Amino acid sequence: MSRGGRHAYGALSMLAAGALVLTGCSKGGSDSGNDGKKDQQNARRQQASIKFGGAADSTGPAPDVPGAKPGGTMEVLQRDSYAHLDPAQIYVSDEGSLATLLHRGLTGYKSTNNDGSGHEVVGDLATDSGTTTDGGKTWKYTLKDGIKFQDGSPITSTDVRHSIERLFAPFINEGPTYLQQWLANTPGTAYRKLLKGGPYKGKHLPSSVLETPDDKTVVFHFKAPHPDLPYALAMAGYAVVSEKADTKERYDKAPLVTGPYKIQSFKSGKSMVLVKNPNWDPKTDPIRHQYVDRFNITFNQQFETSTKALLADSGADQTGVSFNNQVDAGNLSQVLSDPKMKARTVSGYQPYVGQMNINMHHPAMQDKTVREAIAYALPITPFVRAFGGTDAMEVAGGLISPTVSGYNAAFDPWGKKKNPAGDPAKAKALLKKAGKLNMKLTFGYINTPEGQQYSTAMAAGLKKAGFDVQRQEIPAETYYDQVSKLNNNYDIFHTAWGADWPSASTVIPPLYDGRVIADGASNYSQVNDPKVNSEIDRINSITDPVKSAAEWEKLDEYLVKDVVNVVPTAYYKQVQIAGSRVGGLVYDDVIGGVDPRRLFIK
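My aim in this report is to walk through the structure given alongside it, one point at a time. Note that this is a predicted model, so its numbers are computed, not measured.

Focus: the pairing of strand 12 (residues 345-358)
Item 1. Extensive coverage of strand 12 is indicated by the burial of 13 of its 14 residues.
Item 2. The pairing of strand 12 with strand 17 (residues 566-577) spans nine bridges and is classified as antiparallel. The residue bridging Met356 from the neighbouring strand is Val567, located in strand 17.
Item 3. The pairing of strand 12 with strand 16 (residues 492-498) spans seven bridges and is antiparallel. Looking across to strand 16, one finds that Val353 is bridged to Trp497.

What follows is the structure, encoded as structure tokens:
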């Protein structure tokens, strides 16, 4: 899943614990909040598979949050507005956090304790997490009784089938593609051929692929085993959409929801109001709560603004929170060193590994020597400093986070862990060798205070190496929409990606498979390497998770060291703060931030 301007979690992920500490001269921020041994323990815990629950685990209502009571209005301060509300278009973290309140799918993640660290995959709309008798080729789901859309209409297997079939329509181009590729048994974007245009002209997937024999039953038929299906179906991107209420592209602004809250109003870039959905039945939902009467969401609240408001803790901000904003870099050290302030914070590791993409579509970037010069020259220190130092970031060597099986702490081909300031002299020698000194380099950056800060300093480091760097700002709300366009103008730009479950199969294929290059797709660098493509197919066929993890790490190293289409930057952490009257505040490992589903007002 992507993280950044548009970003909002996909409905599941494993969090990126950072195990490495920057050297003293390169911190650029506080070092107050983390214990290295605890970091390693968290990383190992998050690498473990989450169990699939049965019928008893999937029965609602969700266990009560200690001390919770209903009522009141909660203020939510958000930096970024929501570009997508159609679940099929959701694959970024802030929209994913919101989706936990609005959308339901066949499966979901249920908390098994009250600190956000324990989970199991259970049936959400379905009676269990799914049953298979042939190793994952065939999966059967039965829908619960009493599940409804916000208008009171029942959710049936017809709606589930429609939700899946519309994923093949051309206007659905921002969400996950695991399920579509598995059903079509093909990588890349070729899955669309299975149902061209989606279901809107009366055609459907054959029953040999997707079967709905009655109103309550959904059966998936795959040609290859897919034992991870319950994980995939827990993503926001596979939540149910009403067949009768589907307005195609317009659904993205006004969806018919199934969760405990519905959208009363939405003014893009300004505000959103969520109120209780009276047709949500807690007896059917083992995952969510509906304590708060109303969420008032205000956008364009930068990290510094939201932090100062919540630190002040006066008036409406006493019941204030942010689903996604972190404590800003300037206040982070103060917050973590003051016991009273720290008591109102939660923190944890996010699922993301940052990377500077090199646009392989641009002719000048197809010169490997130029790409190597960028890799050596790029300073990581400004990126870490912009977000608050080592309490917020840790320098990355590869593309697989410490919480994903296959992570190799020793891998550091460009020397960033030892020298995060970069090596402009070595880069300049490479540019001179290639005859490219003073070549123009267009750097697209996200227009946030953090983006402005790190891009300015990174650009200065690249200029020292002999590049003529031209920075171009990109609005935060549409950042990922812009950088995922095939014909964008940017030579380099930063993105971040987190595993959708603890396997690099949810990192390398979506980001680097050359067959998924398309507008809106997540192969941001537009790399199309034959070895990478063939290795993806080979490793995906390995059923032993230990063996596949080792092979994914080899491919990770080949991409970073030999292909050089991206430069890894950092593993992400996050500290969040809330008002003194906010109850149920925990940092959820799967959401990668505050869990909106359990919040209440004290």
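A few points about the pairing of strand 10 (residues 294-298)
Every other side chain in a regular strand lies on the same face of the sheet, so the side chains alternate between the two faces.
Item 1. As paired elements, strand 2 (residues 73-77) and strand 10 share five bridges and run parallel to each other. Bridging from a neighbouring strand, Leu77 pairs with Thr298 of strand 10.
Item 2. Two elements, strand 9 (residues 271-276) and strand 10, share five bridges in a ladder whose sense is antiparallel. Paired with Met272 across the two strands is Ile297, which belongs to strand 10.

Considerations on the sheet that holds strand 9
Item 1. Reading across from one edge, 8-9-10-2-11 is the order of the five strands in this open sheet, with mixed pairing throughout. Every interior strand has two partners, whereas the edge strands, strand 8 (261-267) and strand 11 (320-321), have only one.
Item 2. By the bridge criterion, two bridges tie strand 2 to strand 11 in an arrangement that is parallel. Paired with Glu75 across the bridge in strand 11 is Gly320.

Some thoughts on unusual backbone geometry
Item 1. The step from Gly60 to Pro61 runs through a cis peptide bond, and the omega angle for that step is 0 degrees.
Item 2. Mapped onto the elements of the fold, Pro61 is located in the loop between helix 1 (36-47) and strand 2.
Item 3. Backbone geometry places Asn185, a non-glycine residue, at a positive phi of 55 degrees.
Item 4. Note on Asn185: relative accessible area 43%, which makes it partly exposed.
Item 5. The phi dihedral of Asp313 falls on the positive side, at around 55 degrees, and the residue is not glycine.
Item 6. Inspection of the secondary structure puts Asp313 in the loop between helix 6 (303-312) and strand 11.

Here we look at the side chain of Arg598
Item 1. Mapped onto the secondary structure, Arg598 falls in the loop between strand 20 (593-594) and strand 21 (600-601).
Item 2. Comment: no salt bridge for buried Arg598; closest opposite-charge side chain is Asp595, at 5.1 Å.
Item 3. A polar side-chain atom of Arg598 sits 3.4 Å from a polar atom in the side chain of Asn114.
Item 4. When sequence neighbours within four positions are dropped, the list of residues in contact with Arg598 reads Val65, Pro66, Asn113, Asn114, His289, Tyr291, Gly583, Gly584 and Val586.

Thresholds, definitions, all that
Residues numbered from 1 in each chain as written. Predicted model: local features only at pLDDT ≥ 70, side-chain atom pairs only at ≥ 80, totals over all residues. Heavy atoms only, no water. Buried < 20%, exposed > 50% of the residue type's maximum accessible area, 1.4 Å probe, protein only. Helix = DSSP H or I, 4+ residues; strand = E, 2+ residues; numbered from the N terminus. Pairing = 2+ DSSP bridges. Lys, Arg positive; Asp, Glu negative; His and termini not counted. Salt bridge = Lys/Arg side-chain N within 4 Å of Asp/Glu carboxyl O. Polar contact = N/O pair within 3.5 Å; in protein donor to acceptor, adjacent residues only side chain to side chain. Contact = heavy atoms within 4.5 Å.

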